[in-house]
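What follows is each chain in one-letter form.
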Amino acid sequence: QLDHGCALHTAARDGLGSVSTQDVPAERPRAVFHTSESDPAKHSEQHEGRLYNIPLEEVKAVFPHGLPYRFQQQIQTFNEARVMVRRPALELLTYLKGSNLAQPAVRYVIYGERGTGKTMTLCHVVHYCSRQGWLVLHIPDAHLWVKNCKELLQSSYNKDRLDQPLQASVWLKNFKTSNERFLQEIKTQRKYMWGKRESTEEGRPLGEVVEQGLARVRSASDAVGVVLRELKQQSHRGSLRLLVAVDGVNALWGRSTLRKEDKSPVSPGELTLVHNLRKMVRNDWSGGAIVTTLSQTGSLFKPSSAHTPHELLGKEGFDALDPFVPIPVANYSPREFESCYGYYLERKWLQHEKAHTEDGKAELQFLSGSNPRQLDRLAGPL
Amino acid sequence: RIMPVRWSRYNPSYLEPEVKKESYQKPLEELTEEEREQMELKAVRPIKAAPPTLSSSVFSDPMISKFTNMMMKSGNKVLARSLMSQTLEAIKRKQLEKYHKAPENEKETIECNPYVIFHQALKNCQPIIGLSNITKGGKTYQVPVPLTDNRKRFLAMKWLITECRENKHRRTMMPEKLSQELLLAFNNEGPVIKRKHVLHKMAEANRAYAHFRWW
């Protein structure tokens, strides 16, 4: 039975590819939910509900950070990275394909209930943009910058602000892995001083700024600020296309759990990283797009029932992000559920004997409520 | 007032609740005489409240529930159940990784179903014969004694849990420890199997006292 499945699978990958559902004969139910189209640019409605494969080297290059933890575990167990093509992602891709890069950057906010696939939609879009040759500025989770920070230094650039060397250096390292080739091409526009003795001259490649930030951890946050400012100016000129992808953008305008040494609370605006990111998310530059995700799970001081943009961003954040294009993400449609269930069966993830029956499938659908995260959690022990 | 904990205070007229879906889907003609009587009785008699462990889910397993109850501390069933599901998932992941890396001819020998592994591991850990303390003439002797099925299952589960709780590094998580122990027990290796063998050897050594048993 194992060989039968393998033969069908390879046939599906080679022969069927992007054939629509009606043409597939009834005796090949397993192949329906896969598609061999691994370039997100060619994804369209006929691929909706199907899973496409991202080669593992590309995963390491494009997503050094940013994939959810459970998805990374799944990649390791199944030895492949399969992402489902869903309607919100297709919508975003059509908008990006038709966007005019001479106009100011459009802001897209992906919102939805908990566990519906907002981060995965963002990753799909990031993969598309990196395939198209855009420079991707991916911040995996803005909430990590406003909580659990062990070291807070007073910024040397501006006395009121606070630096976060650890978070900034981690982000710079991941940024370097994902955008190696751009760092050599882009040149700095003016001279930057790091403290009294070190400086970066005008016209040096941006890679040097990143190296400086990684070597001197104290000035890592300033290095991040310099990188963001340079990229904004250069994309405004039109030489490169920039995608700013922020996950958990509601962290930038909320409250933080950090405290200064005199135990007074820190507002996110006082952190250099958050300040620079807020400038980045403003639509006063052109030549790219800003795709953001709201997230309640990591958010601070927000009730767990809040999932709309107004509730999570607050007045300040909503005014700052206004106008934006909202993209709602919902639970799995019946077709998407079938596809996910079939994929788990095929990869031998659902091992329980009863999970293969109709009763088991109905029970899984009922218990998870077609929510992707609940389905993943339920299918784990089964 | 003392609340009844161990023995039920229900009136004997109360009947047990029926959870299985199949019994309600049978048409009237297929029922035997006894089942028809039972149905008539159910229409008249009151029914006991269903206990929280009773489930109509197709995925529920009485052994797994018993094990979860034994792992539970101070009534925290939520934590115990989540630990159990994480353990099963950990076993599945380890076995699937091994499966995908193995060559074609060995793939069929690798068992990936965590439930099969759990049941087989428990069966391998169950002792056949136990020891009990019998006092005769002022001295206590360890006498070999046959064990009931329930006692065997209980001992196997108890040994697994105590082994994981006590003899491992303090910082390892319970699912990790448990999945390791279950996989070793599945292959008839590991400290729990050793403990079972030690018990068997003690019983064999004390064979002479077997006639002290009077039941």
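Calculation notes
Residues numbered from 1 in each chain as written. Chains lettered and ligands numbered in written order. Predicted model: local features only at pLDDT ≥ 70, side-chain atom pairs only at ≥ 80, totals over all residues. Heavy atoms only, no water. UniProt positions renumbered as here; feature names shortened; annotations may be inferred. Helix = DSSP H or I, 4+ residues; strand = E, 2+ residues; numbered from the N terminus. Buried < 20%, exposed > 50% of the residue type's maximum accessible area, 1.4 Å probe, protein only. Contact = heavy atoms within 4.5 Å. Polar contact = N/O pair within 3.5 Å; in protein donor to acceptor, adjacent residues only side chain to side chain. Pairing = 2+ DSSP bridges. Axes fitted to C-alpha atoms, helices over the stretch in contact; angles between N-to-C directions. Domains from an automatic or database assignment. Buried area = accessible area lost by both parts, 1.4 Å probe. Salt bridge = Lys/Arg side-chain N within 4 Å of Asp/Glu carboxyl O. Nonpolar A, V, L, I, M, F, W, Y, C, P; charged D, E, K, R; others polar.

The name that an unreviewed UniProt entry assigns to chain B is Small ribosomal subunit protein uS7m, with the source organism given as Edolisoma coerulescens.

Per an unreviewed UniProt entry, chain A carries the name Small ribosomal subunit protein mS29 and comes from Edolisoma coerulescens. Under the heading Subcellular location (unreviewed entry), UniProt records this for chain A: "Mitochondrion". Listed under Sequence similarities (unreviewed entry) in UniProt, the entry text for chain A is "Belongs to the mitochondrion-specific ribosomal protein mS29 family."

Trainee: I would appreciate a short explanation of the environment of Gln 142 of chain B in the present structure.
Mentor: Residue and element names in this part refer to chain B. With respect to the element layout, Gln 142 can be found in strand 2 (residues 139-146). Judged by its relative accessible area of 33%, Gln 142 is partly exposed. Once the C-alpha coordinates of Gln 142 and Ile 129 are considered, the two residues, 13 residues apart in sequence, prove to be 12 Å apart. When neighbours within four sequence positions are excluded, Gln 142 is seen to be in contact with Leu 131, Ser 132, Asn 133, Asn 206 and Tyr 209. Among the polar contacts listed, one links the side chain of Gln 142 to the side chain of Asn 133, at a separation of 3.2 Å.

Trainee: So what exactly am I meant to see when it comes to the sheet that holds strand 5 (residues 135-139) of chain A here?
Mentor: Whenever strands of a sheet pair, they do so through backbone hydrogen bonds, lying parallel or antiparallel. Residues and elements named next belong to chain A. Ordered in space as 5-10-11-4-12, the five strands form an open sheet in which the pairing is parallel. Each having just a single partner strand, strand 5 and strand 12 (325-329) make up the two edges of the open sheet. Ignoring strand direction, the axes of neighbouring strands in this sheet form an average angle of 15°. Pairing of strand 4 (residues 106-112) with strand 12, which is carried by five bridges, proceeds in the parallel orientation. Note that in strand 12 the partner of Ile 110 across the bridge is Ile 327. Contacts from helix 4 (residues 87-97) reach strand 4, strand 11 (288-293) and strand 12, with the element oriented near 155° to strand 12.

Trainee: Just to check I follow, could you spell out the domain arrangement of chain A for this structure?
Mentor: Residues and elements named next belong to chain A. The domain architecture assigned to chain A consists of domain 1 (45-328) and domain 2 (334-380). With centres defined by C-alpha atoms, the gap from domain 1 to domain 2 works out at 33 Å. At the junction of the two partners, domain 1 supplies 19 residues and domain 2 supplies 13 residues. In this assembly, domain 1 packs against domain 2 so that about 1,400 Å² is buried in total across both faces, 48% of it on carbon and sulfur atoms. On inspection of domain 1 and its partner domain 2, the count reaches three salt bridges. The residue Arg 86 makes a salt bridge to Glu 336 at a minimum N-O spacing of 3.4 Å. Between the two partners, domain 1 and domain 2, sit eight residue pairs in polar contact (both at pLDDT 80 or more). Those elements that provide at least two residues to the side of domain 1 that touches domain 2 are helix 3 (69-78) and strand 3 (81-84). Per-element tally for the side of domain 1 that touches domain 2: the top contributor is helix 3, with four residues. Each residue belonging to the side of domain 1 that touches domain 2 can be placed in one class, and the counts come to four nonpolar, seven polar and eight charged.

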